[in-house]
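# Notes for the structure review
One-letter residues, chain by chain:
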Amino acid sequence: MIERSEYEDAINWLYDLQFFGMKLGLSNTLALLEGIGNPHEKFSSIHVAGSNGKGSVCAFLTSILKESGKKVGTYTSPHLTHFGERITINGIPMTRTEVVKSIQHIRPKVEELRKKDIQCTFFEATTCMAFYHFARRRIDIAIVEVGMGGRLDSTNVIKPEMAVITSISKEHSQHLGETIKEIAGEKAGIIKKKIPTITSTQDEALSIIQAQCKKMKSKLYNVNDIALIISNASIFGTSMKIDGLEVSIKLPGQHQAINAKTAVLAAKTIGIKPEAIEKGLAATEWPGRIQIVRKSPMIILDSTHNPGGAEALASFLRGQKIKPILVLGMLEDKEVQPVVRALEPLASKIIVTQPEYHRKMIAKELASHFSGKIETVSKLPKAIEKAMKIAKKNDIILITGSIFTASETLEHLNLMRINEIMDKLAEIYGIGAYPGRDPVINGPPPPGSQEPFRVLISTILSQRTKDENTHLATEQLFAKYDTPKKLASAKPEDIYDLIRPAGFYKQKAEKVIQTSKIIQENYKSKVPDNMEKLISLPGVGRKTASCVLAYGFGLPAIAVDTHVHRISNLLGLVKTSEPDDTEEALMFLVPQEQWHDINRLLVRHGQSICRPINPKCSECPISHVCDFGIYRLK
């Protein structure tokens with residue numbers, strides 16, 4: 001677990017490499033990879049390029065291959081809420097601790113190359129970090145998304161099992177060319193000799209791909225030759241038949257059906273079984289792509305930023321007969337007019353804004369591209385709040401224009417929903433237990449107001465039992481043994497009856513006595529106020545240690561148990577595989593003043609409503625801001 005300052009120092013060093021701009025070419029990447037042991041040679045891969053849809057295809061393929069039993073690394077860009085989302089394993093982003101360790105490994109090599117007049121860019125360093133992480137974690141296969149173009153993109157150092165090229169439209173003209181043929185030529189640069197190629201391109205772009213495949217003796221599979229029959233399409237996803245398979249996806253829109261078809265063809269080509277394909281598609285999530293992030297009022301978030309994406313979004317809106325309140329913020333280097341032309345006629349109201357990003361298009365400049373009546377709100381959070389205020393019961397708010405607009409929106413909405421969740425759960429579960437405190441007392445104790453030893457022993461007793469039973473057992477135990485010295489001298493059978501209400505009393509008796517002895521002998525009867533020392537005690541994990549630090553010493557700490565871990569993932573606040581990783585993620589996400597209460601509230605909610613088996617989503621007061629609840633109650 002790393003400190004916030006340590007993470008920020010490391011990530012700021014990496015972001016500072018953006019000063020050196022964008023460089024097309026492979027020499028720097030190859031030099032840096034050689035310096036860290038050529039990790040890209042230690043796993044197989046699938047390479048994915050295109051103008052639109054390549055990220056979604058990566059997400060579909062990741063989920064499909066994971067369902068087939070493979071350990072899958074995925075490298076995409078950019079990220080939405082934190083850097084680790086660019087580099088995932090089985091869909092779980094790198095933790096901030098892993099990001100710091102990877103940067104610490106790669107930084108000396110980058111600085112060593114700089115002394116030789118080889119200056120690595122941000123994307124080159126990030127690509128090498130991804131490959132290093134994949135090799136270190138011993139993945140089976142990597143899904144690697146091209147950053148820009150293909151031929152000279154940093155990712156084009158891999159030797160994949162397959163190349164995938166999605167739809168192509170005009171983008172990055174200053175780097176890739178002015179025409180579709182020129183851009184397609186750059187994308188086709190990922191096609192390797194005698195490895196298969198999958199493409200969903202059409203017309204003049206397709207002719208370029210075909211010519212390159214012929215030149216490289218690469219067998220070409222055309223997605224457009226595969227049958228697609230849509231049986232049901234809604235804002236919650238699409239059910240369809242693809243090449244004989246009955247599949248459903250949560251990503252809505254005709255364009256996502258094409259992306260799913262692309263992934264199906266790619267998966268079939270490398271021999272993935274139909275069951276894994278069906279399950280993988282159904283489980284796929286790809287945030288920021290026509291994503292419902294709130295149900296009341298309904299807010300759809302999309303990262304559309306170019307003409308092709310805008311046309312796909314417009315097609316979706318027309319198909320679903322949606323006339324949204326549009327909140328639009330774009331970057332200055334994008335083709336604005338085609339995006340405006342596609343979306344303006346479909347909106348009921350338009351609010352023009354700007355993300356907090358150095359390449360943002362100023363809201364007033366963006367507003368000048370519209371022909372009708374619009375409102376300009378320069379700060380994106382204020383624009384979101386304005387849209388929510390004017391939205392009527394059945395209105396839908398659409399926020400789009402850039403990945404950076406989507407990112408800032410998610411950050412703002414996450415803070416809004418954390419506050420809403422905490423307020424609502426505190427109202428419902430206002431009376432409840434805290435470590436070492438009577439469960440019928442309303443509200444949390446002040447940080448540091450509880451005696452640390454009582455908090456420690458009470459939290460050990462609380463494991464796998466109810467708050468009320470914990471309190472009774474603690475009261476009975478401390479009436480006779482209220483210091484480490486007294487409890488250390490007790491025999492297990494002396495306290496069996498005292499702590500019996502807490503359950504598992506024989507095991508817990510051993511633990512509290514052993515812990516008391518160590519505190520008496522090693523720490524002079526003073527409970528240590530250090531995480532590492534606390535978790536070395538018998539029966540003390542990170543959750544127990546965090547409770548002691550928070551309630552016993554008033555130190556910044558957030559306790560996370562299995563309920564908190566599970567519910568935080570269901571809500572969509574985090575995407576983690578272990579409670580410790582959830583703790584780290586929540587510490588960066590949740591305001592510190594709420595740390596002392598989040599564990600109690602989510603545990604109570606997990607015990608009563610959001611249960612591990614048969615959750616009562618229809619009775620949940622926060623299902624409208626829960627990623628799981630929104631789709632379960634669609």
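See the structure above.
Nothing here was measured: the structure is a model prediction, and the numbers come from that model.

### Describing the overall build of the protein chain
- Across its full length, the protein chain holds 26 helices and 17 strands.
- Taking 634 residues into account, the globule formula puts the C-alpha radius of gyration at 26 Å, and the protein chain, at 27 Å, falls close to it.
- Along the three orthogonal principal directions, the C-alpha set of the protein chain runs to about 85 × 60 × 50 Å.
- Classification of the 634 residues of the protein chain by burial places 57% in the buried group.
- Taking the intrachain contacts of the protein chain between residues at least 6 apart in sequence as the baseline, contacts between residues at least 24 apart amount to 69%.
- Element-wise, carbon and sulfur atoms account for 50% of the exposed surface of the protein chain, whose accessible area totals about 27000 Å².

### Describing the nonpolar core
- The biggest cluster of nonpolar side chains holds 38 residues, and the ones touching the most others in it are Leu14, Phe83, Phe131 and Phe134.
- Counting residues per element, the ones that place at least two in this core are helix H1 (4–16), helix H2 (27–35), strand E3 (87–89), helix H4 (96–114), helix H5 (122–136) and strand E5 (141–145).
- Element by element, the count of residues in this core is highest for H5, at nine residues.

### Brief notes about the environment of Asn469
- Looking at the secondary structure, you find Asn469 in helix H17 (residues 467–478).
- Using a relative accessible area of 28% as the deciding quantity, one classes Asn469 as partly exposed.
- For the pair formed by Asn469 and Gly503, sequence separation is 34 residues and the distance between their alpha carbons is 8.3 Å.
- If near-sequence neighbours (up to four positions away) are discounted, Asn469 is found in contact with Pro501 and Ala502.

### Focus: the sheet that holds strand E15 (residues 349–354)
- Taken in spatial order, the six strands of this open sheet run E12-E13-E17-E14-E15-E16, and their pairing is mixed. Unpaired on one side and paired on the other, strand E12 (291–295) and strand E16 (375–379) mark the two borders of the sheet. On average, each strand axis in the sheet is inclined to that of its neighbour by 20 degrees, with strand direction left out of account.
- Where strand E14 (residues 325–328) meets E15, four bridges bridge the pair, whose relative direction is parallel. Considered in E15, the bridge of Val327 is made with Ile351.
- Against the sheet, helix H15 (residues 403–428) contacts E12, strand E13 (298–301) and strand E17 (396–400), and its axis sits at roughly 150 degrees relative to E13.

### Brief notes about the sheet that holds strand E1 (residues 44–49)
- As summarised here, the arrangement of the eight strands in space is E4-E3-E2-E5-E1-E6-E7-E8, forming an open sheet in which the pairing is mixed. With partners counted over all chains shown, the strands left at the sheet margins are strand E4 (92–93) and strand E8 (220–222), one partner each.
- In this structure, E1 lies alongside E5, joined through five bridges in parallel fashion. Considered in E5, the bridge of Ile46 is made with Ile143.

### Side note on unusual backbone geometry
- With omega at -10 degrees, the peptide bond leading from Ser77 into Pro78 counts as cis.
- Position of Pro78 relative to the elements: it lies in the loop between strand E2 (72–75) and E3.
- The omega angle of the peptide bond from Ser296 to Pro297 is -5 degrees, so this bond is cis rather than trans.
- Among the structural elements, Pro297 can be located in the loop between E12 and E13.

### Looking at the pairing of E5
- Of all five residues that make up E5, five are buried, and the element is covered over most of its length.
- Where E2 meets E5, four bridges bridge the pair, whose relative direction is parallel. By the bridge assignment for E5, Tyr75 is matched with Val144.

Parameters at a glance
- Residues numbered from 1 in each chain as written.
- Predicted model: local features only at pLDDT ≥ 70, side-chain atom pairs only at ≥ 80, totals over all residues.
- Heavy atoms only, no water.
- Helix = DSSP H or I, 4+ residues; strand = E, 2+ residues; numbered from the N terminus.
- Rg over C-alpha atoms; globule rule 2.2 N^0.38 Å.
- Buried < 20%, exposed > 50% of the residue type's maximum accessible area, 1.4 Å probe, protein only.
- Contact = heavy atoms within 4.5 Å.
- Areas by Shrake-Rupley, 256 points an atom, 1.4 Å probe, with all protein chains shown as cover.
- Core = buried A, V, L, I, M, F, W, Y, C linked by side-chain atoms within 4.5 Å.
- Pairing = 2+ DSSP bridges.
- Axes fitted to C-alpha atoms, helices over the stretch in contact; angles between N-to-C directions.

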